[in-house]
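Structural features, examined
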Amino acid sequence: MATLSSSSTASDPPCPIAPLHNLPIPPPSHFAHLYKPNSDGQQTVILGIEGSANKCGVGVLCYNPTTQTYQTLSNPRKTYISPAGCGFLPKETSWHHQAHIVALIRAALSEAYPNESHPQRHLSAIAFTLGPGMGGPLRSCAMAARTLSLLWKIPLLAVNHCIAHIEMGRVATSASDPVVLYVSGGNTQVIAYSDGRYRIFGETIDIAVGNCLDRFARVVGLSNDPSPGYNIELEARKHTQETPLKFVELPYVVKGMDVSFSGLLTFIEDLTKKNEFVKNGDEKQGEEQFTTADLCYSLQETIFAMLVEITERTMAHCGQNSVLIVGGVGCNKRLQGMMADMVADRGGTLCAMDHRYCIDNGAMIAQAGMFGYQFGSESMLVKMEDTQCTQRF
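Note that this is a predicted model, so its numbers are computed, not measured. (Residues numbered from 1 in each chain as written. Predicted model: local features only at pLDDT ≥ 70, side-chain atom pairs only at ≥ 80, totals over all residues. Heavy atoms only, no water.)

1. Brief notes about the overall build of the protein
From N to C terminus, the protein includes 10 helices and 17 strands. Taking 393 residues into account, the globule formula puts the C-alpha radius of gyration at 21 Å, and the protein, at 22 Å, falls close to it. Principal-axis analysis of the C-alpha atoms places the extent of the protein at approximately 75 × 50 × 35 Å. The 393 residues of the protein split such that 53% are buried. Accessible surface computed for the protein: about 17,600 Å², of which carbon and sulfur atoms make up 51%. Measuring between centres, the 30 positive side-chain charges of the protein sit 7 Å from its 36 negative side-chain charges. (Helix = DSSP H or I, 4+ residues; strand = E, 2+ residues; numbered from the N terminus. Rg over C-alpha atoms; globule rule 2.2 N^0.38 Å. Buried < 20%, exposed > 50% of the residue type's maximum accessible area, 1.4 Å probe, protein only. Areas by Shrake-Rupley, 256 points an atom, 1.4 Å probe, with all protein chains shown as cover. Lys, Arg positive; Asp, Glu negative; His and termini not counted. Charge placed at Lys NZ, Arg CZ, Asp CG, Glu CD.)

2. Looking at the packing of aromatic side chains
One pass over the full model with this rule turns up 5 aromatic pairs. Centre to centre, the rings of tyrosine 70 and phenylalanine 371 are 5.5 Å apart; their planes meet at 85°, and the pair counts as edge-to-face. Within this pair, whereas tyrosine 70 is found in strand S4 (residues 69-74), its partner phenylalanine 371 is found in helix H10 (residues 362-374), the two being separated by 301 residues in sequence. Assessed through its relative accessible area of 1%, tyrosine 70 is described here as buried. By relative accessible area, which is 9% here, phenylalanine 371 ends up buried. Taking the centre distance of 6.2 Å and the plane angle of 40° together, the rings of phenylalanine 277 and phenylalanine 290 count as tilted. Taken together, the residues phenylalanine 277 in strand S13 (residues 277-278) and phenylalanine 290 in strand S14 (residues 290-291) connect sequence positions 13 residues apart. We classify phenylalanine 277 as buried; its relative accessible area is 13%. In textbook terms, an aromatic cluster arises when at least three aromatic residues are bridged by ring pairs, as seen for Tyr63, Tyr70 and Phe371. (Phe/Tyr/Trp six-rings, centres within 6.5 Å; stacked < 30°, edge-to-face > 60°.)

3. Some words on helix H5 (residues 228-236)
Most of H5 is tucked away: 7 of the 9 residues are buried. Every buried residue of H5 is listed here: Pro228, Gly229, Asn231, Ile232, Glu233, Glu235 and Ala236. Along its buried surface, H5 packs onto helix H4 (209-219), helix H7 (292-318) and helix H8 (333-345). (Contact = heavy atoms within 4.5 Å.)

4. Thoughts on the nonpolar core
With 42 residues, the main nonpolar core has Phe216, Phe261, Leu299 and Met339 as its most contacted residues. Counting residues per element, the ones that place at least two in this core are strand S8 (179-183), H4, helix H6 (262-271), H7, strand S15 (322-326) and H8. The next biggest cluster of nonpolar side chains, apart from the first, holds 38 residues, and it includes Leu61, Val159, Ala366 and Tyr373. (Core = buried A, V, L, I, M, F, W, Y, C linked by side-chain atoms within 4.5 Å.)

Pasting the structure below:
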């Protein structure tokens, strides 16, 4: 059986609910027909299970009604890393999740309640990712959630993966009503809350930004460990004032509020087949050429400028002055820096996070499940027969 490191996965202080300006939380008795409070009768504790792509994570989240704060008690995860030059396939990713999910659940509960022999007694409900995502990995983690729900006789909460990213970001950064840039391997959307629901104001019309980065990393042979996008970021960081990289002009495709990356990807892939392209370290003095680092730098600058542009348009349209970046690509420091410059020029604030909460994790599923649980969302509190995963949620 897989083993996990004993190091802490949740070191952040409690996050207050007041800055979010949510509706007041109804008393548990208001939804007594839907669920019962946990054995403590005071705190609400949710165990969240995430497995929509190559990350398998389990998080334990607690709401303290006395202090009105949310706190992540544990948040371990494991990543399926495919060989360089390859993506991750549903079957192999499912096997990975199946091999690690039990150890992750044990690690999460042990970290959250280290001196308890039966930590599951604290749980109010189990939240799991219903979709969107890859079918096999989703089902693998849903099966674990169903099993625990039956074993421990506690409710199941079905969570939308995209909403979980947003709600975790709002809580972690105390963002009340931001424009949200959601950027990951499967999603590229600019979202804002309007007329009682989240609405998409701009998005990719073909592939996601993370997918574009990952596929280019494969072309130039960058490692998938810890992620292709991060290794592209490391290459691009070689650009400094003392040793500037060469900027290669790439297609800049913004169509109204939407963006397109597929043509840009084809264009930059073709550049790697030209004689002018050389691997890092093979440069020759005096010749017109570009390296892997040059292309990584140029790709980042171009696609991030496109994302900043459509985000600024959404801010102007909605009259908002804050931006929240969520999703795996959201922890890119260059993207955060470019967005911060734009937001500062408008007199606003940027809400950004690091890899702990940007990258897929169990705590974000627990957070979205917590909100649904507390506000009595009957659509999220599902019966066992309604827990089929939905790839396009």
